[in-house]
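So the chains spell out like this:
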Amino acid sequence: MPMSPAVLDLEEMQHTQAEDSGPLVTSGPANGESEHDSAWLRETRAAGWETFTALPMPVRTDENWRFASIKALSLAAFSRPLPLTEAQRNELRARSQGLDRVAGRMIFGNDQLLSREVFSEDLRQKGVIWLPLEQAAVEHPEIFKKHFMREEAILGGQKFAALHQSQARAGAFLYVPRGVEVELPLETFHWLHGANSSCFPHTLVVAEEMSKVTVIDHFASADSEAPGFACGVNDLWLGTGAHVTYVCAQDWSRHTLAFQINSTVAGRDASAKMLTLNLGGGHARGESISHLRGAGSRSDMLAVSIADGEQEFDQRTFQIHEAPHTSSDLLYKNSLDDKARTIFSGLIRVDRKAHQTDAYQKVRNLLLSDEAEANSAPGLEIEANDVRCTHGATSGQIEGEELFYLQSRGINRADAQRLIVLGFVQEVIDRIGNDQIAACLGERVQAKFEGSRRSR
């Protein structure tokens, strides 16, 4: 996704809000703003707002917020997004460059639908439903109500999940019927436009028995320096034997406060694979929970984070084995330069009846600077017998011999580091099992290095 470089004065942008923006995100639920608004959604938003106002802001003494920069969580400056001009809409549509071959594409800017394209007639013929969120709530209420935000956020982000519930309007609803395989990925773009703007993207996937689908969400800011707030949620529901691959690629501006809360529920013999790519954001927090609810189900939780400057990526995970013969495999890799920080706190829990569980958790941090900081806290909670569970975290710097080898062949130090990091994270990207998506994500990582080098 091409990003045009921009250098603006942050303080100046923040002070334009009083004149140029609408109500603050903390002023109430977002109701009555769409032709597809339903009574049920209005009630759901009102309930979310009530929960949001009742819950306190996090404090650092909370275990789920250990190591986090609590002072970065202020929402006081952020407004609800303003409508976009036609010129701005056209610009964002033109910049929404992702995969070459997709079954369909939706584009949102400031929580407004800019484009919906379906390229595969098979989707309609096979009964696949792929609609904007609010439209789906009206046209398919039974499926929507059964699955929309039904799993509680339990990793510390309850207040922000409630705020999302009170504001959610934009996003994609995907229903894949029994036995249907969608060959090409479906992709969605979400853009933040304007200083102090906000967005609340939501992805809801319901994959019925023996179905198969791949979904990729792209998140980005129109201005690489504009402050903003993003609070997203995705719900993945897998029926018996279903296979779902979900990719979240975020490149918010360096002054964006971002949350992404994932909930995955896997039925019997289902397989869920999730990959998160963290490139942008000033403070970006991800919470991901895998409920292995059916016997024989599997979850692969993958992440790559490329952090530099003073970025902070905060990652919280929970692998919950609720049935026997389940397996989960988590692999997170972080590259940190300058004064960047990463946080990982993850738990594997094996319930009493979840015998013959296989669960793995590995976090690897590559430190490119003496001032970078990586905090990792993997954990196990096992109540069953006959299980195989391992967890671990490592942090280290690039070996001098590796740099010497590349530099002795005429490669400068910066390029040598970039090549080593690319090799370091490629293992994770390749596990997505889709060459087209892997190539796209690899290009995004390289673009991050190129942009960082230009700004130095």
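Computed from a predicted model, the values in this text were never measured in an experiment.

> How should I be thinking about the sheet that holds strand β12 (residues 271-278) in this particular structure?
In a beta sheet, neighbouring strands pair by backbone hydrogen bonds and run either parallel or antiparallel. Judged by pairing direction, the sheet is mixed, and its 10 strands sit side by side in the order β2-β1-β5-β8-β10-β12-β14-β16-β18-β20 without closing on themselves. Either end of the sheet is taken by a strand with one partner, and the two such strands are β2 (112-118) and β20 (388-397). Each strand of the sheet is rotated relative to its neighbour by a mean of 5°, with strand direction disregarded. Each of β1 (104-109), β2, β5 (186-192) and β8 (212-221) is contacted by helix α4 (residues 86-95), which is oriented at about 45° to β2, the strand it contacts most.

> I would appreciate a short explanation of the nonpolar core in the present structure.
Across soluble globular proteins, you tend to see nonpolar side chains buried next to one another. Grouped together as the largest cluster of nonpolar side chains are 47 residues, with contacts concentrated most on Leu174, Val182 and Val213. Not counting residues up to four positions away in its chain, the partners in contact with Val213 are Leu174, Val176, Val182, Leu186, Val205, His243, Val244 and Thr245. Within the second largest apolar cluster, 32 residues are counted, among which are Leu275, Leu403, Val425 and Cys440.

> Hey, could you run me through the packing of aromatic side chains in this one?
Taken as a whole and judged by the stated rule, the model has 12 aromatic pairs. When the centroid spacing of 5.9 Å and the interplanar angle of 90° are considered together, the rings of Trp40 and Phe144 count as edge-to-face. Taken as a pair, Trp40 in helix α3 (residues 39-54) and Phe144 in helix α7 (residues 141-147) lie far apart in primary sequence, 104 residues in all. Relative accessible area serves as the criterion here: at 0%, Phe144 is assigned to the buried category. These aromatic residues form a ring-pair network of at least three members: Trp65, Phe78, Phe160, Phe200, Phe229 and Phe259. Stacked on the ring of Phe52, the Lys or Arg Lys159 has its end atom at 4.1 Å from the ring centre. The cationic tip of Lys333 hangs over the ring face of Phe424; the distance from NZ or CZ to the ring centre is 4.7 Å.

> For this particular structure, what's the right way to read the domain arrangement of the protein?
In many analyses, interface size is given as the accessible surface area lost on bringing the parts together. We note that the domain assignment places domain 1 (10-294) and domain 2 (398-456) within the protein. A C-alpha centroid distance of 29 Å is found between domain 1 and domain 2. Taken residue by residue, the interface counts 17 residues in domain 1 and 13 residues in domain 2. In this structure, the connection of domain 1 to domain 2 is made through 0 salt bridges. Connecting domain 1 to domain 2 are 5 residue pairs in polar contact (both at pLDDT 80 or more). Secondary-structure elements contributing two or more residues to the side of domain 1 that touches domain 2 are β8, β10 (243-251) and β12.

> Any chance you could explain the environment of Ser290 here in plain terms?
Positionally, Ser290 belongs in strand β13 (residues 283-292). Setting aside anything within four residues of it in sequence, one finds Ser290 in contact with Thr264, Met274, Ser299, Met301, Phe318, Gln319 and Ile320.

> I'm lost on the pattern of salt bridges in this one. Help?
Pairing is possible between side chains of opposite charge, provided their charged atoms come close. Under the definition given, this model contains 23 salt bridges. Between Arg298 and Asp300 there is a salt bridge; the shortest N-O distance is 2.8 Å. Residue Arg298 is classed as partly exposed on the basis of its relative accessible area of 30%. Between Arg431 and Asp329 there is a salt bridge, with its nearest N and O atoms 3.3 Å apart. Remark: Asp329 occurs in strand β16 (residues 327-336) and Arg431 occurs in the loop between α10 (413-430) and α11 (435-455); sequence separation between them is 102 residues. For Arg431, a relative accessible area of 23% puts it in the partly exposed group. Classification of Asp329 by relative accessible area gives buried; the value is 19%. Counted as one network, the salt bridges with shared partners bring together Arg285, Glu287, Asp314 and Arg316.

What counts and how
Numbering of residues begins from 1 in every chain and follows the order in which that chain's sequence is written. In keeping with the model being predicted, local features are shown solely for residues with a pLDDT of at least 70 and side-chain atom pairs are shown and tallied solely at 80 or more, while totals for entire chains, interfaces and linings include all residues. Where side-chain values are given, they derive from all heavy atoms of the structure, hydrogens and water being excluded. Only strands joined by at least two bridges in the DSSP assignment are considered to pair. Numbering of helices and strands runs from the N terminus; a helix is a DSSP stretch of H or I covering at least four residues, while a strand is a stretch of E covering at least two. Axes, fitted as lines to C-alpha atoms, cover a helix only where it is in contact. Angles between the N-to-C directions of the axes lie from 0 to 180 degrees. By the convention used here, residues are in contact when the closest approach between their heavy atoms is within 4.5 Å. Take the buried Ala, Val, Leu, Ile, Met, Phe, Trp, Tyr and Cys residues and link them wherever side-chain atoms come within 4.5 Å; each set so joined is a nonpolar core. Three exposure classes are used, based on accessible area relative to the maximum for each residue type with a 1.4 Å probe and protein chains only: buried under 20%, partly exposed in between, and exposed over 50%. Aromatic rings from Phe, Tyr and Trp, taking only the six-membered ring of Trp, are treated as a pair when their centres fall within 6.5 Å; an angle between ring planes under 30 degrees marks them as stacked, one over 60 as edge-to-face, and anything in between as tilted. A positively charged side chain is recorded as over a ring if its NZ (Lys) or CZ (Arg) lies within 6 Å of the ring centre. The angle to the ring normal must also be within 35 degrees. Residue ranges assigned to the domains are those given by an automatic or database domain assignment. Salt-bridge detection follows one rule: a side-chain nitrogen of Lys or Arg within 4 Å of a carboxyl oxygen of Asp or Glu. We call two N or O atoms a polar contact when they sit within 3.5 Å, provided that within protein one can donate a hydrogen and the other can accept it, with sequence-adjacent residues counted only if both atoms are side-chain atoms.

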